[in-house]
Amino acid sequence: MSCSLKLKPYLTHLQGFTPCRTQSKLLHEQFDCLIDSFIADKVGLSDDFLGEQLASQLKAHLIDLYAGQQFHSAGIGNQEVHHKDQSTRGDQIYWLDRQHHHPLETSFFDLMDRFVLYLNQSCYTGISGYEFHYALYEKGSFYKRHLDQFRSDKSRAFSMILYLNELWVPEDGGELCIYHSDHVQTIAPLSGQCVFFKSSELEHEVLLTQAPRMSITGWLKVG
Ligand code: OGA
Ligand code: MN
């Protein structure tokens, strides 16, 4: 996919961060790619948001935590209306947290901070927070069609999913289907791929997976 940089030519600096030029340019290309495709089509896609090294380290961390039984079954709804329902959603999750002081979680959040700053500066989105979890779908799991924004809590503004499956093949299933008004978009959960869309707008589902499926999923929040 080619993404133009024409929308934000004036954006060249991020406050408080001085990475080497090349690294910064590559990162901004990924950010621009995600934002420009979101503007064009309601679903932002970029194919190397995390970078190969961070993606494979995060995947190894996820596997470690899962093996150490640190994951729990995901629920549906927020704190007010929360229940676990395996017939709707079968993934296991682990919430990332800066307070864990884990170097990989810290690297991930540093990257998200840079993206949020870039997004707020270029699109005036007013994002003031976020939440992210690892997700693991065992073979036989899925997540039925749903919307990410809760009825009683509108703080989730954008959904972001970053896949960690290096060896995914079509037989593995577990594609993400996004329901646009006039078509369904199917996205392979391939490592590197990052998906970005409005949490209040697009219903989506995770198809039945035939192999373990790993990701980081989260939400950029307002208010
Ligand atoms: C979710 C979700 C999609 C995916 O966790 O809310 O829709 O592709 N995930 O993992
Ligand atoms: Mn969702």
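A short tour of the structure in this document, coming up. Residue indices follow the written sequence of each chain, beginning from 1 at its first position. Chains carry letters from A onward and ligands carry numbers from 1 onward, assigned in written order. Local features in this predicted model are restricted to residues whose pLDDT is 70 or higher, and side-chain atom pairs enter the listing and the counts only when it is 80 or higher, whereas totals over whole chains, interfaces and linings include all residues. Only heavy atoms go into the side-chain values, all of them from the structure, while hydrogens and water stay out.

1. Section: unusual backbone geometry
Definition in use: Numbered from the N terminus, helices here are DSSP runs of H or I no shorter than four residues, and strands are runs of E no shorter than two.
A positive phi is found at Gln69, a non-glycine position, where the angle reads about 60 degrees. Along the chain, Gln69 falls in the loop between helix 2 (52–67) and strand 2 (72–73). Of note in this structure, His101 is not a glycine but carries a positive phi near 50 degrees. With respect to the helices, strands and loops of the structure, His101 is situated in the loop between strand 3 (92–95) and helix 3 (103–123).

2. Things to note about the coordination of the manganese ion (ligand 2)
The condition is simple: For Na, K and Ca the donor cutoff is 3.2 Å, while for all other metals N, O and S atoms must lie within 2.8 Å; water is not among the atoms, so some sites may look incomplete. Relative accessible area decides the class of each residue, using a 1.4 Å probe on protein chains only: under 20% of the type maximum gives buried, over 50% gives exposed, and in between gives partly exposed.
Within the protein, the manganese ion (ligand 2) binds to His146 (NE2), Asp148 (OD) and His204 (NE2); these donor distances fall in the range 2.1 Å. Mapped onto the polypeptide sequence, the residues donating to the manganese ion (ligand 2) form the spacing pattern H-x1-D-x55-H. In this pair, His146 sits in strand 5 (residues 143–146) while His204 sits in strand 10 (residues 203–206), placing the two residues 58 residues apart along the sequence. The exposure class assigned to His146 is buried, which follows from its relative accessible area of 12%.

3. Topic: the packing of aromatic side chains
The line we're drawing: Two aromatic rings from Phe, Tyr or Trp, using only the six-membered ring of Trp, form a pair when their centres are within 6.5 Å; if the ring planes differ by under 30 degrees the pair is stacked, by over 60 it is edge-to-face, and anything between is tilted. Comment: the charge-over-ring label is applied if NZ (Lys) or CZ (Arg) is within 6 Å of the ring centre and within 35 degrees of the ring normal.
As enumerated under the stated definition, the model contains 16 aromatic pairs in all. An aromatic cluster is present here, built from Phe31, Phe38, Phe49, Phe115, Tyr118, Phe158 and Phe196 joined pairwise through their rings. Above the ring of Tyr179, the side-chain terminus of Arg145 is found at 3.8 Å from the ring centroid. Cation over ring: Arg156 sits above Trp219, and NZ or CZ is 3.5 Å from the ring centre.

4. A look at the pattern of salt bridges
Convention followed: In what follows, salt bridge is the name for a side-chain nitrogen of Lys or Arg lying within 4 Å of a carboxyl oxygen of Asp or Glu.
In total, this model carries nine salt bridges according to the counting rule given. Glu201 is the partner of Lys42 in a salt bridge, and the nearest nitrogen-oxygen pair spans 3.5 Å. Note that Lys42 is positioned in the loop between helix 1 (21–41) and strand 1 (43–46) and Glu201 in the loop between strand 9 (194–198) and strand 10, a separation of 159 residues in sequence. Residue classification places Lys42 among the partly exposed residues on the basis of a relative accessible area of 43%. Looking at Glu201, the relative accessible area reads 37%, which means it is partly exposed. Arg98 is the partner of Asp113 in a salt bridge, and the nearest nitrogen-oxygen pair spans 2.7 Å. In this pair, Asp113 is assigned in helix 3 and Arg98 in the loop between strand 3 and helix 3, connecting sequence segments 15 residues apart. Residue classification places Arg98 among the partly exposed residues on the basis of a relative accessible area of 30%. Counted as one network, the salt bridges with shared partners bring together Lys42, Lys198 and Glu201.

Everything listed is a geometric property; what it means functionally is a separate question.
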